[in-house]
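Each chain, letter by letter, is given below.
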Amino acid sequence: MRAASIMLAGIALVAAAASATAATLRVGPGAPIATLGEAARQARDGDEVLIAPGRYQGCAVWTAARLRIAAAAPGVVEVSGPVCAGKGLFVITGAAVTVDGITFRGARNAEGNGAGIRAEGVGLTIRRSRFLEGLDVPGLVAAPAPQPSKKKPTTCRTCGGRLATNADARQRRARTLD
């Protein structure tokens, strides 16, 4: 019973430390961060990105997990312009990201299409956001989730049954050449 209490206290301490390191990144004219792309580069797991009212030209690739990317108020932030990596205005690869209150308009790539959001991570939540004109594909495009490898690991018969490594393979080839 005492061990379980100590374990729970340890977990709570780790969770508190993780939330204490989360930052609020402010984006917009006169804010510490001027562009969405720069905010995406600075964002770390668990951060909140608050976007000041305005129209933003450009795109951003969000890689951090557990982000909240939000407009100062719904309907006051509009993102448009060329897409990132030929995919979308926001390319989101992080897991458990929330996008709140942002309007996406006119995403275009070289082929003339593009998404407002290209979701490549898992657990994306979109709240109070809009996808408007110029989107020749749906406003949201999701990439398929990565599938686990079906390849079974190889064990090394001459190494006591542990998993084989590239070094083991090189040694076997060297022995056969002798």
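Residues numbered from 1 in each chain as written. Predicted model: local features only at pLDDT ≥ 70, side-chain atom pairs only at ≥ 80, totals over all residues. Heavy atoms only, no water.

1. Quick notes on the overall build of the chain
No. 1: Scanning the chain from terminus to terminus reveals three helices and 13 strands.
No. 2: Residue pairs in contact within the chain that sit at least 24 positions apart in sequence constitute 55% of those at least 6 positions apart.
No. 3: Per element, the accessible surface of the chain, about 10,800 Å² overall, is 57% carbon and sulfur. (Helix = DSSP H or I, 4+ residues; strand = E, 2+ residues; numbered from the N terminus. Contact = heavy atoms within 4.5 Å. Areas by Shrake-Rupley, 256 points an atom, 1.4 Å probe, with all protein chains shown as cover.)

2. A few points about the nonpolar core
No. 1: The biggest cluster of nonpolar side chains holds 28 residues, and the ones touching the most others in it are I51, W62, I69, F90 and I102.
No. 2: Among the elements of the structure, β1 (24–27), α2 (36–42), β2 (48–51), β4 (60–62), β5 (68–71), β6 (77–82), β7 (88–92) and β9 (102–108) are those that each provide at least two residues to this core.
No. 3: When neighbours within four sequence positions are excluded, F90 is seen to be in contact with L36, A60, W62, I69, V79, I102, F104, G116, I117 and R118. (Core = buried A, V, L, I, M, F, W, Y, C linked by side-chain atoms within 4.5 Å. Buried < 20%, exposed > 50% of the residue type's maximum accessible area, 1.4 Å probe, protein only.)

3. Examining the sheet that holds β2
No. 1: Pairing is parallel across the open sheet formed by five strands, whose spatial order is β1-β2-β5-β8-β11. Either end of the sheet is taken by a strand with one partner, and the two such strands are β1 and β11 (125–127). Direction aside, neighbouring strands of the sheet carry axes that sit 10° apart on average.
No. 2: One ladder, built from four bridges, connects β1 with β2; its direction is parallel. What sits directly across from L25, in β2, is V49. (Pairing = 2+ DSSP bridges. Axes fitted to C-alpha atoms, helices over the stretch in contact; angles between N-to-C directions.)

4. A closer look at the state of the cysteines
No. 1: Under the definition given, this model contains one disulfide.
No. 2: Between C59 and C84 runs a disulfide, and the two sulfur atoms are separated by 2.0 Å. On the sign convention where negative means left-handed, the S-S torsion of about 95° between C59 and C84 marks this disulfide as right-handed. Of this pair, C59 sits in the loop between β3 (54–57) and β4 while C84 sits in the loop between β6 and β7, placing them 25 residues apart in sequence. (Disulfide = S-S within 2.5 Å.)

5. Let's talk about the sheet that holds β7
No. 1: With parallel pairing, four strands are arranged side by side in an open sheet as β4-β7-β10-β13. Sheet topology places β4 and β13 (140–142) at the edges, where each strand pairs with a single neighbour. When the angles between neighbouring strand axes are averaged without regard to direction, this sheet yields 20°.
No. 2: Bridge count for β7 against strand β10 (residues 115–119) is four bridges, and the pairing is parallel. The residue bridging V91 from the neighbouring strand is R118, located in β10.

6. Considerations on unusual backbone geometry
No. 1: Backbone geometry at R66 places phi at a positive 55°, although glycine is not the residue there.
No. 2: The phi angle at R128 is positive, at roughly 45°, despite the residue not being glycine.
No. 3: Here R128 lies in the loop between β11 and β12 (130–132).
No. 4: Residue class for R128 comes out exposed when judged on its relative accessible area of 55%.

7. What about the pairing of β9?
No. 1: Summarising the sheet, β6 and β9 pair through six bridges and their orientation is parallel. Across the sheet, V77 pairs through a bridge with I102, a residue of β9.
No. 2: Bridging between β9 and β12 involves three bridges; their strand directions are parallel. Following the sheet pairing, F104 is matched in β12 by F131.

8. Here we look at the pattern of salt bridges
Side chains that differ in sign of charge can pair as their charged atoms come close.
No. 1: This structure, assessed with the given rule, holds eight salt bridges.
No. 2: One salt bridge connects R41 with E38, and the closest N-O pair in it is separated by 3.2 Å. With a gap of three residues between them, R41 and E38 both fall in helix α2, about one helical turn apart.
No. 3: Overall, the relative accessible area of 55% leaves R41 in the exposed class.
No. 4: A single salt-bridge network, built from bridges that share partners, covers E48, R68, D100 and R128. (Salt bridge = Lys/Arg side-chain N within 4 Å of Asp/Glu carboxyl O.)

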